[in-house]
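Per-entry structural report
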Amino acid sequence: MSLEVFDAIVIGAGPAGNAAAYTLAKSGLKVLQLERGEYAGSKNVQGAILYADALEKLMPDFREDAPLERHIVEQRMWMMDDNSHTGMHYRSDSFNEEKPNRYTIIRSQFDRWFNRRVREAGAVVLCETTVTELLKDTNGRVIGVKTDRHGDAILADVVILAEGVNGLVGQRAGLRQELQPAHVALAVKEMHFLPEEVIAARFNLKGDEGVVIEAMGTITKGMVGTAFLYTNRESISVGIGCMVQDLAENRVSSSALLEAFKAHPSIRSLLEGSEVREYAAHLIPEGGYKAVPQLYGEGWLVVGDAAHFVNAVHREGSNLAMTSGRIAAETVVWLKRRREACSAENLAEYRRRLEASFVMKDLKKYRGIPALLHRNKHFLDLYPRIASRAAQIWLRVDGVDKRSKEGEIVRDLRAARGWRGLVGDAFKVARAWR
Amino acid sequence: MHIVVCIKQVPDSAQIRVHPVHNTIMRQGVPTIINPYDLFALEEALRLRDRLGGAVTVLTMGPPMAEDSLRKALTFGADRAVLLTDRFFAGSDTLATSYALSMAIQKIGESWGTPDVVFTGKQTIDGDTAQVGPGIARRLGLNQLTYVSAIGAVDLAARTIEVSRRAEGGVQELATRLPALITVLEGTSEIRRGRLADALRAARAEVTVWNAAQAGITEMTKCGLRGSPTVVKNVFAPKGRATKASLLDTREKTPGELAEAMMARIFDALPGIEGDLLAHAAQY
């Protein structure tokens, strides 16, 4: 039996894999995409927000038939303590534009649609097929894959690993290390179903408008993490995630955090009367720049979550995934056109292109944040409490004069952290943020 | 030998929802699967082909998206797939469906050789009628073997097939002449995992798509809603049973006392049963 040879094999059919396979197929390369799920999206979990820009660069016309839920017109950022939230909201009618910038999506539907476009572009897609190992030649060069289906290995000039956060294939092949608890967050989410008109009334929305709530504070019980609530058309996604290291050290389960978050007075009323029909959990590679593994080698590239391309501060991931998938594919196409081999030396171009894009620039910018938050647990606990107390003092009308109220707020701050602590915190944040 | 397998794409009943007001099944967004019984029919067909040689043609009638199910059947190892799709078929009941499928099977016979066996699942999980298979057999004049639990010896020279059939109170061992239509029970054989070569072939295969005319169907009054005398009079969601579990206090009681207490509870809940039981006991 003869071995079949492809120009490229893409492992995985999430945003990164789909972006890579689509770009390769569109350029006329012979592409095989392998997905272990029953269909693309069947195993994929995200909040989920789609950032249009990354997809637009692949398919300018995606809005015509992509399954989109609501476009975001309002962002609420909340600092929560036990029974209040101090928030910053931004809502703008200018988000009601012809080509909105952000959408809520349901990944099982969206990924399936995306993968259909990949197939239409000419890629061969096999679902329910798990890559068990990478095939290497005697020089250690990756030359193909073996799957869990009976049959020969399949060969390719290059293998793009878009296998997601666990990176098991890469790990087994010795291309990367095992996941570190300090490098991943565990997030859980539920889908709460409500009639469309109830969601519209509850969040002050019309048509396809949507709201995003990103929350942090005492809801993560001093651990590094965030919570979210996104409005879909007929459902609300609500979830919370914390670094695995913190969850393990504190012996707290994510589901207990989610229950507490849903019971918070600021959230409870938003979910009232809803029916929970889905529950999902997923790891998110939030280790930032320092957790990024080797990105390329002899005959292989790694993209998306598998490459730890997540900007935890801005809650971005799928856009980094699509962008890295596209850039990886463009690099391969560029080499093919020049009739050059997919050697490690040539594939280094992928890293150079990534460094020039927002993907690596943003990861670099925030490289200090994960460690900063881990070492300064009070950021997510103390400051939300202080903000809430200050707001209470400031807003309560009780016959106390305003100057005294100001004095009380300042005393509160000082008592909590001391001037040196406050200045030190500000300095640390500024340094990590810059 | 040439084997035709009829499959149906159905909503995954594990994930289905019923509309709270209209009581209709909400298919939107519900993943579709191959009717689980049909997978056993497909497996038996593939085993028969592997044993005796020949080809397996998979046939389905449905919307264009039913092609997904056919492609999946090809992944398991079927040789070719035919999708019968036309807006004229919309609203078909079992009578109209069996008509359209029987016409398509005839056309398949003209194109790739008359089938020796037609397989279907015992029933679908969305309609649950178990009528389409027998309907096809009747229209095509095939010997029909329903609720088959195992395929036995096949003699292609003598044109006979032996099967086991589940019947009330036992299993019937039957033999019939080919061509035959067989409806297959669940759990007959372990469903295979398609080989990599089959999966690759399936991903690239062209599914044959026929509209009514291409399938040789001319009598449009027998198709779709017009050809369907079945009328849905009422749709309702079954009410949850109101009966609650009853708990017995087991502390400080002998097994005999517990049995007495349990029977007393049962007789309380089902008055009249005591007399029946006593009458029954008196016979022994």
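Residues numbered from 1 in each chain as written. Chains lettered and ligands numbered in written order. Predicted model: local features only at pLDDT ≥ 70, side-chain atom pairs only at ≥ 80, totals over all residues.

1. Section: the overall build of chain B
To keep things clear, this is the line we draw: Each helix is a run of H or I in the DSSP string that is no shorter than four residues. Each strand is a run of E no shorter than two, and both are numbered from the N terminus. For a compact globule the rule gives 2.2 Å times the number of residues to the power 0.38, and the radius of gyration it is set against comes from C-alpha atoms. Counting other C-beta atoms within 10 Å of its own, a residue is labelled buried from 20 upward, exposed at 12 or fewer, and partly exposed in the gap between, with every C-beta atom placed from the backbone. Think of it this way: build a C-beta for each residue from its backbone, and any pair within 7 Å is a contact.
Scanning chain B from terminus to terminus reveals seven helices and 13 strands. At 24 Å, chain B has a C-alpha radius of gyration far larger than the 19 Å of a compact globule built from 284 residues. Seen through its principal axes, chain B has C-alpha atoms that stretch 75 × 50 × 40 Å. Residues counted as buried form 36% of the 284 residues belonging to chain B. In chain B, the share of contacts with a sequence separation of at least 24, taken over all contacts with a separation of at least 6, comes to 69%.

2. Examining the overall build of chain A
Along its length, chain A carries 14 helices and 17 strands. Relative to its length of 434 residues, chain A is compact, with a C-alpha radius of gyration of 23 Å against a globular reference of 22 Å. Expressed as a percentage of its 434 residues, the buried residues of chain A come to 47%. Of the contacts formed within chain A by residues at least 6 apart in sequence, a portion of 72% connects residues at least 24 apart.

3. Here we look at the packing of helix α3 (residues 94–112) of chain B against helix α4 (residues 132–140) of chain B
Residue and element names in this part refer to chain B. Using the following cut-off: Working convention: axes come from line fits to C-alpha atoms, limited for helices to the stretch in contact. Angles between N-to-C directions cover 0 to 180 degrees. Any angle that falls under 35 degrees is termed roughly parallel, while one over 145 is termed roughly antiparallel, one within 65 to 115 roughly perpendicular, and all others oblique. In a left-handed crossing the near helix is turned counterclockwise from the far helix by less than a right angle, and in a right-handed crossing that turn is clockwise. Polar here means any residue other than Ala, Val, Leu, Ile, Met, Phe, Trp, Tyr, Cys and Pro, which are nonpolar, and Asp, Glu, Lys and Arg, which are charged; Gly is therefore polar.
Contact geometry for α3 and α4: axes closest at 8 Å, N-to-C directions at 50°. Between α3 and α4, the angle is such that the two are oblique. In terms of crossing hand, the pair formed by α3 and α4 is right-handed. Where α3 approaches α4, its residues Thr94, Leu95, Thr97, Ser98, Tyr99, Leu101, Ser102 and Ile105 are matched on the opposing element by Val132, Gly135, Ile136, Arg139 and Leu140. Partitioned by chemical class, the residues of the contact of α3 with α4 number seven nonpolar, five polar and one charged.

4. Quick word on helix α2 (residues 67–76) of chain B
Residue and element names in this part refer to chain B. Among the 10 residues that make up α2, eight are buried, leaving the element largely enclosed by the rest of the structure. Where α2 is concerned, the buried positions are Ser69, Leu70, Arg71, Lys72, Ala73, Leu74, Thr75 and Phe76. Taken together, the buried residues of α2 touch β2 (9–11), β5 (32–34), α1 (36–52), β6 (55–61), β7 (80–84) and α5 (196–204). Two residues or fewer past α2, Gly77 is found with a positive phi of approximately 130°.

5. Here's the deal with the nonpolar core
For clarity, the cut-off: For this entry, the nonpolar core is defined as buried Ala, Val, Leu, Ile, Met, Phe, Trp, Tyr and Cys residues connected by C-beta atoms within 7 Å.
A:Ile160 and A:Leu301 are the most contacted members of the largest nonpolar core, which totals 191 residues. Those residues within four positions of A:Ile160 in sequence are excluded, and the remaining contacts are A:Ala8, A:Val10, A:Ile11, A:Ala20, A:Leu301, A:Val303 and A:Ala328.

6. Focus on the sheet that holds β6(B)
Residue and element names in this part refer to chain B. The criterion, for reference: Two strands are counted as paired when DSSP detects at least two bridges linking them.
Reading across from one edge, β11-β10-β9-β12-β8-β1-β6-β7-β13 is the order of the nine strands in this open sheet, with mixed pairing throughout. Strand pairing shows two members of the sheet lacking a second neighbour, β11 (170–177) and β13 (208–210), which therefore form its edges. Across the sheet, the mean angle from the axis of one strand to that of its neighbour is 30°, orientation sign disregarded. In this structure, strand β9 (residues 143–155) lies alongside strand β12 (residues 180–184), joined through four bridges in parallel fashion. Note on β12: the bridge partner recorded for Gln144 is Leu181.

7. Points about the domain arrangement of chain A
All names here are of chain A. Stated formally: Boundaries of every domain are those given by an automatic assignment or by a domain database.
Each assigned domain of chain A is listed here: domain 1 (5–69 + 105–178 + 289–356), domain 2 (185–284) and domain 3 (371–433). Between the C-alpha centres of domain 1 and domain 2 there is a distance of 29 Å. The interface is formed by 10 residues belonging to domain 1 together with 14 residues belonging to domain 2. Its residues assigned to classes, the side of domain 1 that touches domain 2 shows five nonpolar, three polar and two charged.

8. Concerning the environment of A:Glu4
The residue A:Glu4 is located in the segment before β1 (5–11) in this model. Note: C-alpha distance between A:Glu4 and A:Ile154 (150 residues apart in sequence) is 5.7 Å. Leave out the neighbours within four places in its chain, and A:Glu4 touches A:Ile154, A:Leu155 and B:Leu200.

9. Describing helix α3 (residues 107–120) of chain A
Think of an α-helix as turning once every 3.6 residues; residues three or four places apart then point the same way. Residue and element names in this part refer to chain A. Selection rule: The length a helix should cover is 1.5 Å for every residue beyond the first. Along the arc lie the directions from the helix axis toward the C-beta atoms.
Between its first and last C-alpha atoms α3 spans 19 Å; for 14 residues at 1.5 Å apiece the expected length is 20 Å, and the two agree. Those residues of α3 that fall on the buried side of the exposure criterion are Arg107, Ser108, Phe110, Asp111, Phe114, Asn115 and Val118. Take α3 and look down its axis: the buried residues cluster within an arc of 165°, on one side only. Tucked into the core, α3 has its buried residues touching α1 (15–26), β2 (31–34), β3 (49–51) and β7 (124–126). Positive backbone phi, approximately 115°, marks Gly122, located one or two places after α3.

10. Side note on the packing of α1(A) against helix α9 (residues 318–337) of chain A
All names here are of chain A. Following both chains from N to C, one finds α1 and α9 inclined at 30°, their axes separated by 7 Å at the closest point. On the basis of their axis angle, the class for α1 and α9 is roughly parallel. For α1 against α9, the interelement crossing comes out right-handed. Contacts between α1 and α9 involve Pro15, Ala16, Gly17, Ala19, Ala20, Thr23 and Leu24 from the former and Ser318, Ala321, Met322, Ser324, Gly325, Arg326, Ala328, Ala329, Glu330, Val332 and Val333 from the latter. Of the residues in the contact of α1 with α9, the class split is 11 nonpolar, five polar and two charged.

11. Quick word on the environment of A:Arg326
Residue and element names in this part refer to chain A. With respect to the secondary-structure elements, Arg326 resides in helix α9. Residue Arg326 is classed as buried on the basis of its C-beta count, with 23 C-beta atoms lying within 10 Å. Taking the C-alpha atoms as reference, Arg326 lies 16 Å from Cys342; in sequence the two are 16 residues apart. Once you skip the residues sitting within four places of it in the chain, Arg326 turns out to touch Ala19, Ala20, Thr23, Lys57 and Leu58.

12. A closer look at the pairing of strand β9 (residues 142–147) of chain A
Residues and elements named next belong to chain A. Most of β9 sits out of view: five of its six residues are buried. Taken together, the five bridges between strand β8 (residues 131–136) and β9 define a ladder with antiparallel strand orientation. Residue pairing for β9: Lys136 is matched across the bridge by Val142. In textbook terms, the turn of a hairpin is the stretch between consecutive antiparallel strands, and for β8 and β9 this stretch comprises five residues, one of which, Gly140, has a positive phi near 85°. Of the pairings in the sheet, the one linking β9 to strand β10 (residues 154–161) comprises two bridges and is antiparallel in character. Note that in β10 the partner of Val145 across the bridge is Ile154. Between the antiparallel neighbours β9 and β10 lie six residues, among them Gly151 with a positive phi of about 145°.

13. Focus on the confidence of the model for chain B
What counts, and what does not: Known as pLDDT, the predictor's per-residue confidence is scaled from 0 to 100.
With 99% of its residues at a pLDDT of 70 or more, chain B has an overall mean of 91. For this predicted complex, the interface confidence reaches an ipTM of 0.82, while the overall pTM sits at 0.87.

14. Things to note about unusual backbone geometry
Residue and element names in this part refer to chain A. Following Gly47, the chain continues into Ala48 via a peptide bond in cis, with omega recorded as 20°. By the element assignment, Ala48 lies in the loop between β2 and β3. Positioned with a positive phi, Arg315 is a non-glycine residue whose angle comes to about 55°. Within the element layout of this structure, Arg315 appears in the loop between β17 (300–302) and α9. Owing to 15 C-beta atoms within 10 Å, Arg315 belongs among the partly exposed residues under this scheme.

15. Description of the pairing of strand β14 (residues 235–243) of chain A
All names here are of chain A. With nine of nine residues buried, β14 is to be regarded as a mostly interior element. Burial of the side chains of β14 extends over both faces: Ser235, Ser237, Gly239, Gly241 and Met243 are buried on one face and Ile236, Val238, Ile240 and Cys242 on the other. For strand β13 (residues 225–231) and β14, the ladder comprises seven bridges, and the chain directions are antiparallel. The residue of β14 that forms the bridge with Thr226 is Gly241.

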